[in-house]
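The chain contents come next:
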Amino acid sequence: MNVQYKKGVIELCVLSMLYRKDSYGYDISEYISKRINISDGTIYPILRKLKSEGLVTTYLSEESGGPPRKYYRITELGRRQYLADKAEWLNFIGEVNNLLKEDGDE
Amino acid sequence: MNRKEFIETLTKKLRENNISDIDEIIAEYEEHFNFKLTDGYSEEEIAAGLGNPEEIAMQYTSGNIDNKTIGKKAIITTGLVFADIFAGAFFALFFAWVIVMVTFTIASATVGVCYLGRFNIYSLIPPIPYYWCRIVYVVMLLSLAVLSGVGTIYCAAYYRQLMRAYGRFHYNCIASASGKAVFPPLNIRPQFSAKTYRLFRKIVLIALAVFAVSFVLSYILSAIATGSLEFWHVWKWFIE
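Model, not experiment: these values are computed from the prediction.

### Examining the packing of aromatic side chains
All names here are of chain B.
In step 1: Taken as a whole and judged by the stated rule, the model has 29 aromatic pairs over all chains.
In step 2: Ring centres 5.9 Å apart and planes at 35 degrees place the aromatic pair Tyr154 and Phe192 in the tilted group. Taken as a pair, Tyr154 in helix H6 (residues 131-177) and Phe192 in the loop between H6 and helix H7 (194-226) lie far apart in primary sequence, 38 residues in all.
In step 3: Of the residues examined, Tyr154 reaches a relative accessible area of 26% and is grouped as partly exposed.
In step 4: Seen in terms of ring centroids, Tyr166 and Phe169 are 5.8 Å apart; in terms of plane orientation they differ by 40 degrees. Their pairing is tilted.

If you want it as structure tokens, here you go:
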């Protein structure tokens with residue numbers, strides 16, 4: 001699948017994960033790359049892009065016996081954006097499915 | 001490609017693309033390497049999994065934090081300098097107060113011990129000629145020393161925690177102005193364990209009770225012993 005096309009979808013997946021709970025970069029990277037076939041390095045630029053757009057924020061959390069870990073948290077703007085994008089996505093794939101089924105019926 | 005090569009190429013390419021906060025970006029990849037290494041992957045496998053560093057560096061161009069943050073950072077830094085001056089004066093004063101408390105504790109304890117052991121170096125301590133009176137004064141002074149000692153520990157702990165909280169605030173101000181991740185703010189009050197806290201409370205309550213009783217008792221005993229309500233005149237305290 002086209003990389004640029006995937007990136008948009010992965011943004012949605014990242015937001016979906018952060019919508020449920022705060023996570024750190026590696027956690028998100030593992031979670032996504034286990035399900036979707038992308039290289040591990042793709043997630044970090046996406047996280048930074050989401051941050052610069054104000055959809056997520058970061059904070060540091062002191063872990064026992066290690067350096068502080070950077071967590072990502074979804075913002076209010078991010079929540080709204082996620083819900084809107086999710087609805088749009090579901091609608092879109094629904095339409096695409098319908099379209100493809102028509103093709104199969106013939 | 002091993003870890004070092006990957007990080008170096010990525011850093012170089014990020015620099016070429018004029019990306020800000022390269023350290024923060026690199027830190028994420030270093031962390032990624034650390035996690036994967038613990039899981040038993042080799043450096044080469046991890047680097048391959050991450051993908052081409054040159055392509056990764058390209059992807060950062062779209063999410064670059066622009067130069068607006070630089071002006072904001074200058075304002076925050078200036079504000080912080082003024083805040084630091086006031087905080088510095090406050091902490092110096094607070095420190096002096098802790099020293100006063102330490103001195104007071106040592107002084108009460110020393111005078112108490114001197115009465116108990118009948119040491120009176122250079123006749124600096126006002127005389128108490130009667131044995132029982134002296135014992136009550138000793139109890140009073142030592143309980144005062146305990147009270148003041150616990151107070152000193154609490155104040156010193158408060159001082160330390162307040163300094164740490166201010167340091168954290170200082171760090172967070174600069175970090176947030178540069179768009180970096182911040183730490184959660186620290187509590188400004190000292191964080192004792194419930195057990196320590198209960199122990200302090202117990203010691204303070206007992207010492208306070210002992211001090212109050214011995215204070216009243218010392219006056220009554222002294223007044224009886226001298227037959228005067230202003231016994232300090234009889235014992236010739238506070239005069240050359």
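### Focus: the environment of Ser23(A)
In step 1: Relative to the helices and strands, Ser23(A) resides in strand S1 (residues 23-24).
In step 2: Residues in contact with Ser23(A), not counting those within four places in the same chain, are Met17(A), Leu18(A), Ile28(A), Lys70(A), Tyr71(A) and Tyr72(A).

### Considerations on the sheet that holds strand S3 (residues 69-74) of chain A
All names here are of chain A.
In step 1: Read from one edge to the other, the open sheet built from three strands follows the order S1-S3-S2, with strand pairing classed as antiparallel. If you trace the sheet from one side to the other, it starts and ends with S1 and strand S2 (56-61), each paired once.
In step 2: As paired elements, S2 and S3 share six bridges and run antiparallel to each other. The residue of S3 that forms the bridge with Val56 is Ile74.

### Description of the pattern of salt bridges
Residues and elements named next belong to chain A.
In step 1: Enumeration over the complete set of coordinates arrives at 11 salt bridges over all chains.
In step 2: The partner of Asp27 in a salt bridge is Lys21, with the nearest N and O atoms 3.8 Å apart.
In step 3: Residues joined in a network through salt bridges with shared partners are Glu11, Lys49 and Glu53.

### Details of the interface of chain A and chain B
In step 1: Listed by partner, the interface residues are 24 residues for chain A and 30 residues for chain B.
In step 2: On the chain A side of the contact with chain B, Tyr26(A), Arg48(A) and Leu60(A) bury the most area, a combined 32% of that side's loss.
In step 3: At the boundary of chain A and chain B, one finds four salt bridges.
In step 4: Taken together, the links from chain A to chain B amount to 10 residue pairs in polar contact (both at pLDDT 80 or more).

Rules behind the numbers
- Residues numbered from 1 in each chain as written.
- Chains lettered and ligands numbered in written order.
- Predicted model: local features only at pLDDT ≥ 70, side-chain atom pairs only at ≥ 80, totals over all residues.
- Heavy atoms only, no water.
- Phe/Tyr/Trp six-rings, centres within 6.5 Å; stacked < 30°, edge-to-face > 60°.
- Helix = DSSP H or I, 4+ residues; strand = E, 2+ residues; numbered from the N terminus.
- Buried < 20%, exposed > 50% of the residue type's maximum accessible area, 1.4 Å probe, protein only.
- Contact = heavy atoms within 4.5 Å.
- Pairing = 2+ DSSP bridges.
- Salt bridge = Lys/Arg side-chain N within 4 Å of Asp/Glu carboxyl O.
- Buried area = accessible area lost by both parts, 1.4 Å probe.
- Polar contact = N/O pair within 3.5 Å; in protein donor to acceptor, adjacent residues only side chain to side chain.

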